[in-house]
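Structural overview for review
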Amino acid sequence: MPPSPRHIPTGSALAAAGGLALAASQWLVFRHAPVEATMGLTQKIFYIHLPLAWWALASFLVVFAGSILFLLRRNPATDAWCRAACEIGVLLSGLALLTGMLWGRQAWGVWWTWDPRLTTTLVMWFVYAGYLVLRGLDMPAPRKRVACAVLGIAAFCDVPLVFLSARLWRSIHPAVFASKGGGLEPEMKLAVIACTLSMGLLWAGLLALRTGQIAQEERIETLEGLAGQDD
Amino acid sequence: MEALTVVVLANAIAWLGIGGYLAFITLSQRRLAQRLALLESAARRIDG
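Summarised in this report is the structure supplied together with it. (Residues numbered from 1 in each chain as written. Chains lettered and ligands numbered in written order. Predicted model: local features only at pLDDT ≥ 70, side-chain atom pairs only at ≥ 80, totals over all residues. Heavy atoms only, no water.)

1. Concerning the overall build of chain A
Counting secondary structure elements, chain A contains seven helices and zero strands. Secondary structure elements of chain A occur, N-terminal to C-terminal, as α-α-α-α-α-α-α. A principal-axis box enclosing the C-alpha atoms of chain A has dimensions of 70 × 35 × 30 Å. Burial status across chain A gives 49% buried among its 231 residues. Counting contacts in chain A only where the partners sit at least 6 residues apart, residues at least 24 apart contribute 78% of the total. (Helix = DSSP H or I, 4+ residues; strand = E, 2+ residues; numbered from the N terminus. Buried < 20%, exposed > 50% of the residue type's maximum accessible area, 1.4 Å probe, protein only. Contact = heavy atoms within 4.5 Å.)

2. So, helix H1 (residues 3-47) of chain B
Here H1 of chain B is 45 residues long and its end C-alpha atoms lie 66 Å apart, about the 66 Å a rise of 1.5 Å per residue gives. Taken as a whole, H1 of chain B has its buried residues at Val 6, Val 7, Ala 10, Asn 11, Ala 14, Gly 17, Ile 18, Tyr 21, Ile 25, Ser 28, Leu 32 and Leu 39 of chain B. (Expected span 1.5 Å × (residues − 1).)

3. Some thoughts on the packing of helix H3 (residues 76-107) of chain A against helix H4 (residues 116-136) of chain A
Residue and element names in this part refer to chain A. Following both chains from N to C, one finds H3 and H4 inclined at 140 degrees, their axes separated by 9 Å at the closest point. As judged from the angle between their axes, H3 and H4 are oblique. Here H3 and H4 pass one another in a crossing that is left-handed. Residues Asp 79, Cys 82, Arg 83, Cys 86, Glu 87, Val 90, Ser 93, Gly 94 and Leu 97 of H3 touch H4, and the partners they reach there are Leu 118, Thr 121, Leu 122, Met 124, Trp 125, Tyr 128, Ala 129, Tyr 131, Leu 132 and Arg 135. Of the residues assigned to the contact of H3 with H4, the class counts are twelve nonpolar, three polar and four charged. (Axes fitted to C-alpha atoms, helices over the stretch in contact; angles between N-to-C directions. Parallel < 35°, antiparallel > 145°, perpendicular 65-115°, else oblique. Left-handed = near helix turned anticlockwise from the far one by under 90°. Nonpolar A, V, L, I, M, F, W, Y, C, P; charged D, E, K, R; others polar.)

Purely geometric stuff here, so don't read any function into it on its own.
Listed below in structure tokens is the structure:
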């Protein structure tokens, strides 16, 4: 879908609905889902940590798919989706790392350990942060778009590793849905699903909002360029 | 740290992060509106 400033009101409405749904799903987390026997109350971090991590990976999947599409069709609209998705992905994966560190301190007694899941996630965060730095460089827009698309495809190599690291290598990070049934109580599963869907709504809203804004910014830049030529 | 403090802190970090991004979007939108207003006033001057 080509981004346009008209996405801004849709994105705002979606983001507001997602934010409200996420706030409401806290009732399920703290009232409905039981306190886990081993971890106790600390396990509740999982209900915010998991949606943050999953939607960060979804953002990077958008960057990957959008970058391939951009290289095939050279449509700047696709590039706007990639830019917005990468910003949101870096934000959400950063927040997932921070909430994970809090969990780690309580569960493992350390803020950080060079575990495969944690290491691949940190590498992913740095690579996509680099993508945003590339976005900020002063270079011709068409060249920058191609460079970002190439990086957007190459960077995605780390994403399946992040997802599979806890299953492939000896990792102390729990692989939530690795075993059949996931080992979660039905009430816990309901809370996880509610939080993940609410975060998804918020994610879709932020993505539409930011993409619409980038489209608006590009139109204004074109107008400023034209006005500059007239002067 | 107490478990409850950690859970509250984790939630606060997540909400502050998302709130911060929304604030960034709001500020960017305000800046875009200013740039657009400047362009409009320049266009009006040229038309006038």
